[in-house]
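Here are the chains, one letter per residue:
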Amino acid sequence: MVDLKYIGHSAFQITSKDKAVLIDPWVDKNDNYNWHEEPISDILLTHAHGDHLGNSVEIAKEKDATITAVAELAGYCKEQGAKTKSVGLGAWINYEWGRAVFVPAFHSSSLPDGRYGGSAAGIILDVEGVRIYHAGDTCLTGEMKTLKELYAPQIALLPIGGNYTMDVEHAALAAKWLGVKTVIPMHYGTFPEIQADLQRFAQLVAFGNTVCQIVSPVGTDVKNGN
Ligand code: NI
Ligand code: MN
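Residues numbered from 1 in each chain as written. Chains lettered and ligands numbered in written order. Predicted model: local features only at pLDDT ≥ 70, side-chain atom pairs only at ≥ 80, totals over all residues. Heavy atoms only, no water.

Regarding the overall build of the protein
Inference 1: A tally of regular secondary structure across the protein gives six helices and 14 strands.
Inference 2: With the C-alpha coordinates aligned to their principal axes, the bounding extent of the protein is approximately 45 × 40 × 35 Å.
Inference 3: A buried classification covers 55% of the 226 residues belonging to the protein.
Inference 4: Intrachain contacts of the protein at a sequence separation of at least 6 include 58% that bridge at least 24 residues.
Inference 5: A total accessible area of about 9400 Å² is found for the protein, and carbon and sulfur atoms account for 47% of it.
Inference 6: Put simply, the protein has 18 plus and 26 minus side-chain charges, and the middle of one group is 6 Å from the middle of the other. (Helix = DSSP H or I, 4+ residues; strand = E, 2+ residues; numbered from the N terminus. Buried < 20%, exposed > 50% of the residue type's maximum accessible area, 1.4 Å probe, protein only. Contact = heavy atoms within 4.5 Å. Areas by Shrake-Rupley, 256 points an atom, 1.4 Å probe, with all protein chains shown as cover. Lys, Arg positive; Asp, Glu negative; His and termini not counted. Charge placed at Lys NZ, Arg CZ, Asp CG, Glu CD.)

Here you go:
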């Protein structure tokens, strides 16, 4: 059983076989999520911006978890004392809970100290045969058609807030290009400039067999894989 938990903004926890992986854990805004209690073995980061790097280093140190990120960002986390795994885009990385591949995202990435953070990325995870695409921060890009061909994701976690990323119209088109069955919106409402019309997004995504699941960022569980 794969358990997918939305923590808020772009932060998700995926749990399988008593291991939990965090993606972009900017989690200190959510009082209902207590990471100290979770069996976190890995943290995967799409890029270095503070709303994605979040509490990664603190969590990695306490949980003895490994941060996986592109080389520049992994290097920064290592300097901060975390265990890291440095990767590039396009290769499957194996874990106890499954595997993941970092894929292109069209966005910038800078470290907290202003240095270049390496390529921004999206991440495809394969957990118990469930393929989940976390888009990170990105605009709509034709790469998403390639992601469908290469990885055939079933679930997409897509930014919809506009300004820095796709808006609801482009995210709906992304869902179509990706060919996913389930779309979960993220990266909206947190800042004044990334407000989004969720009802409109749900309407735009309602094509074919695709379903939009709007998950409240308070630790609501969504069961997937069936
Ligand atoms: Ni960003
Ligand atoms: Mn962001």
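Describing the coordination of the nickel ion (ligand 1)
Inference 1: Coordination of the nickel ion (ligand 1) by the protein is provided by His47 (NE2), His49 (ND1), His107 (NE2) and Asp137 (OD), with metal-donor distances spanning 2.2 to 2.3 Å.
Inference 2: Viewed at the metal, the four donor atoms of the nickel ion (ligand 1) are separated by angles of 89 to 179 degrees, and the geometry they form is irregular.
Inference 3: The motif formed by the donor residues of the nickel ion (ligand 1), counted along the single chain, is H-x1-H-x57-H-x29-D.
Inference 4: In this structure the manganese ion (ligand 2) is found 3.2 Å away from the nickel ion (ligand 1), and Asp137 serves as a bridging donor for the pair.
Inference 5: Classification of His47 by relative accessible area gives buried; the value is 1%.
Inference 6: According to the relative accessible area criterion, His49 is buried, its value standing at 16%. (Donors = N, O, S within 2.8 Å, 3.2 Å for Na, K, Ca; no water. Tetrahedral: all angles 85-135°; square planar, octahedral: opposite > 155°, others 65-115°.)

Here's the deal with the pairing of strand S9 (residues 121-127)
Inference 1: Of all seven residues in S9, seven are buried, a share of seventy percent or more.
Inference 2: Where burial is concerned, the two faces of S9 agree: the one with Ala121, Ile123, Leu125 and Val127 and the one with Gly122, Ile124 and Asp126 are both buried.
Inference 3: Here strand S8 (residues 98-104) runs beside S9; their pairing, made up of six bridges, is antiparallel. Considered in S9, the bridge of Phe102 is made with Ile123.
Inference 4: As paired elements, S9 and strand S10 (residues 130-134) share five bridges and run antiparallel to each other. Along S10, the bridge assignment pairs Val127 with Val130. (Pairing = 2+ DSSP bridges.)

A closer look at the coordination of the manganese ion (ligand 2)
Inference 1: Taken together, the protein ligands of the manganese ion (ligand 2) are Asp51 (OD), His52 (NE2), Asp137 (OD) and His187 (NE2), with distances of 2.2 Å.
Inference 2: Sequence spacing among the residues donating to the manganese ion (ligand 2) works out to D-H-x84-D-x49-H.

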